[in-house]
Structures are given as structure tokens and as C-alpha cells.
Amino acid sequence: MKKIGVVLTNLGTPDAPTKEALKVYLEEFLKDPRVIEEPKWKWYPILYGIILNTRPQKSAEKYLEVWDNGSPLLNITKAQAEKLTELLPDNYQVEIAMRYGNPSIESAIKKLIADKVDEIVIFPLYPQYSAATTASVMDKVGEVLKELRYFPALRVLGAYYQNPLYIDACVERIRESTKDLELDKYVFSYHGMPLQTYLEGDPYFDQCLETTRLIAERMGEPLERFETVFQSRFGRAEWLQPYAAQFFEEAPGNAITKIAVFCPGFSADCLETLEEMAMENYELFMESGGEAYTFVPCINSDDLHIEMMKDEVLK
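Notes on the structure in this doc start here. (Residues numbered from 1 in each chain as written. Predicted model: local features only at pLDDT ≥ 70, side-chain atom pairs only at ≥ 80, totals over all residues. Heavy atoms only, no water.)

### Structural notes on the overall build of the protein chain
So the rule is basically this: Runs of H or I in DSSP of at least four residues are treated as helices and runs of E of at least two as strands, each being numbered from the N terminus. Partly exposed residues are those whose accessible area sits between 20% and 50% of the maximum for their type, while under 20% is buried and over 50% is exposed, using a 1.4 Å probe and protein chains only. Contacts were defined at the residue level, with two residues in contact if any of their heavy atoms lie within 4.5 Å.
A count of helical and extended segments in the protein chain gives eleven helices and eight strands. Dimensions of the protein chain, computed from C-alpha atoms along their principal axes, come out at roughly 60 × 50 × 40 Å. Considering the protein chain as a whole, with its 315 residues, one finds that 52% of them fall into the buried category. Sequence-distant contacts in the protein chain: of pairs separated by 6 or more residues, those separated by 24 or more amount to 78%.

What follows is the structure, encoded as C-alpha cells:
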């Protein structure tokens, strides 16, 4: 049988919750032209003159809030890889990689080549496609491959938000976390993107809305019971709306006081879910008059989530 290598790839994480580690991580992340679509002459003075001198310390303080024997994103991705390895046939080898930080995409690919795999499957763990995520992974893969004399056959997996097992995993997680609760709304928060990316043809926004619809349909609930918002806005440009923070601040005034918050665009809990959504926006909502805010963890290494990964890989 052919030997198949699988690279589970997620966004990334710093090596430590320190200012120094965050500076290295943020520099790599914010230098990616897929993430910041501004010319270097305009962006680099801001990046090196302001952001990398101020943001690392603030980000490090936030990471300290969620750091638990290592990076939560890295620990969860490792657990996903271990469980996926158990489900796949013996001729499959699973490695993990981060688009930014360690372990790198380069190290994962070179390890699989050294282990003499016949094919490599790149699996970006982003349910919805965006140029800033999935396409950026492929940019990095291309950078690695063009420096190699030899590499095996390559396959790339795309968006998987329509996979029934992914939808079922989300529904099961939501139901487990919200059973016996009286709720005014289910709030689904996705990572934000600049509006301009959508206007230029990025399908991410539409795929997020479709994800919400599919989960609502599978839960047997009317779509009106769900609110789709976008978090983690960065900079002054207009981003996809509604903005999460604005919704949480205004919702209690609109008689929405009991909510459950879930992040269907994240394959693993990370800083943006555990700190921003579970802590920061919880406080904002409650201080604005909210009565109940239930944070629903991501599907992480839940059995159905791993079954979905197996299904995508074996296809």
C-alpha cells in the first residue's frame, strides 16, 4: 500500500506566553501579505514602529490567562492528531504544523519526506475558506516545496463546513453545553475579516452564514434564534459585520439577556475563544445588563470531529 502522510495545519501559537515570544510570533503573522493586504512601504513602518513595540506585551498578558501546560491550541491539535492516527489505516502517518510558529509546516513536510511517504495530504483546519487562512497555508507549502529537490504527490483539502459530520459535531457540542438552559439567542461568532476581502471575492462571509444556517437546520431551530457575529477586529478599516463586541454591548438593551456563544469557525480552542469570547466578551455582556452568558467550547478532539477528519482524509 502507498504510505500517506497527513499534515494537520492550524493558524499558530507563540512558543511561550512572553513578550519576546509574542514579538516573534506576531512578526511572522503580521508580515504575511495574505493577512495584511497593504503594500510594505505603507504597512511596515506601522508594524515595526508601533505594533511590535506595543502589542506583544498586551498579547502575552492575555496568553497567560489561558496557558495551561503549554499552548491550548497546540495541545488540542496534538490530541486531534493522536486520535486521528488511531482511526486511520496503518499506512497513514499524521503530523501537525502551524502556519505561524512551531512546529512549522516545513518541519512537518520534511519529516514525512524523510519517512518516505508516497503522498502528502495537507489538511488546513479551517472549516470555512479564506485567502488569509487556507490560501496562506498553500503559500507556505509552496515556499517549502520550491526549495526541495524532491517531494511526493500532494493533495490539499479545502473548506469542510458542509460535511455532515462537522455539522453533527457542532450540534452535539452545543446541545451538551446548553441542555436545560433557557436562551434568548444562540450567538455564533466567527473570526473577522476586512470587508474589502469579501468585496474582492473571498467566499468566507457567505460560508460563515451558510454554516450558521446548516447548524440551525440540524438543530431543528428557526434561524431567527441564531445571531452571526464577527470577532477579533484589527485596525481601523471596516470589517465584516455585525461586530461581536458591539452586539454583546447592545443585546441586553434589545431584550436579549440569556445567550449561548459558540465559535464554529475554530477547529480548536485558542486565545480568541478562551480569552476573548469566554472572558472578555462575557464581562462586556454582563456589565451591559446581560443575565446569562454560556460559552460553548469548540469541538476540539470530540469523537465526531475526529470522525469528520477521517472522512475528509479518506475521501
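### A word on the sheet that holds strand β1 (residues 4-13)
Under the convention used in this document: One requirement defines pairing of two strands: DSSP has to find at least two bridges between them. In this analysis an axis means a line fitted to C-alpha atoms, helices contributing only their contacting stretch, and an angle means the value between N-to-C directions, from 0 to 180 degrees.
Taken in spatial order, the four strands make up an open sheet running β2-β1-β3-β4, and their pairing is parallel. For this open sheet the edge positions go to β2 (92-101) and β4 (153-156), each flanked by a neighbour on one side alone. Strand-to-strand, the axes of this sheet are offset by a mean angle of 25°, without reference to chain direction. Bridge analysis of β1 against β2 gives nine bridges, and the strand direction is parallel. Each bridged residue has a counterpart across the sheet, and for Asn-10 the counterpart in β2 is Met-98. Relative to strand β3 (residues 119-124), helix α11 (residues 303-314) is tilted by about 135°, and along the sheet it contacts β1, β2 and β3.

### Quick word on helix α3 (residues 72-87)
Working note: α-helix, 3.6 residues per turn, so residues spaced by three or four point in the same direction. Worth spelling out the cut-off: Here the expected length of a helix is defined as 1.5 Å per residue gap, with one fewer gap than residues.
In a regular helix each residue adds 1.5 Å, so 16 residues correspond to 22 Å; α3 covers 23 Å between its end C-alpha atoms and thus fits that length. Turning to α3, its buried residues number three or more, namely Pro-72, Leu-73, Leu-74, Ile-76, Thr-77, Gln-80, Ala-81 and Leu-84. Its buried side turned inward, α3 meets β1, α2 (40-66), β2, α10 (271-287) and α11.

### Regarding the side chain of His-305
For clarity, the threshold we go by: Within 3.5 Å is the distance limit for a polar contact, defined as a pair of N or O atoms, with the added protein rule that one can donate a hydrogen and the other accept it, and that residues adjacent in sequence qualify only through two side-chain atoms.
Within the element layout of this structure, His-305 appears in helix α11. Of note is the side chain of His-305, whose polar atom sits 2.6 Å from the backbone oxygen of Asn-300. Setting aside its immediate chain neighbours within four residues, His-305 contacts Gln-80, Ala-169, Ser-267, Ile-299 and Asn-300.

### Some words on the packing of helix α6 (residues 164-178) against α11
As a reminder of what qualifies: Angular relationships are summarised with four words: roughly parallel below 35 degrees, roughly antiparallel beyond 145, roughly perpendicular across 65 to 115, and oblique for the angles in between. Side-chain classes are defined by residue name, with Ala, Val, Leu, Ile, Met, Phe, Trp, Tyr, Cys and Pro counting as nonpolar, Asp, Glu, Lys and Arg as charged, and the others, Gly among them, as polar.
Look at α6 against α11: their axes get within 8 Å of each other, and the N-to-C directions meet at 170°. Considering the angle they form, α6 stands roughly antiparallel to α11. Residues Leu-165, Tyr-166, Asp-168, Ala-169 and Glu-172 of α6 form the contact with α11, whose participating residues are Leu-304, His-305, Glu-307, Met-308 and Asp-311. Grouping the amino acids of the contact of α6 with α11 by side-chain chemistry returns five nonpolar, one polar and four charged.

### Examining the pairing of strand β8 (residues 292-295)
For the record, the criterion: Seen with the strands pointing away from the viewer, any crossover whose path from the first strand over the helix to the second strand runs clockwise is right-handed.
Pairing of strand β7 (residues 258-262) with β8 involves four bridges; the strand directions are parallel. When the bridges of β8 are listed, Ile-259 appears paired with Tyr-293. A crossover links β7 with its parallel partner β8, the connecting element being α10, and its sense is right-handed.

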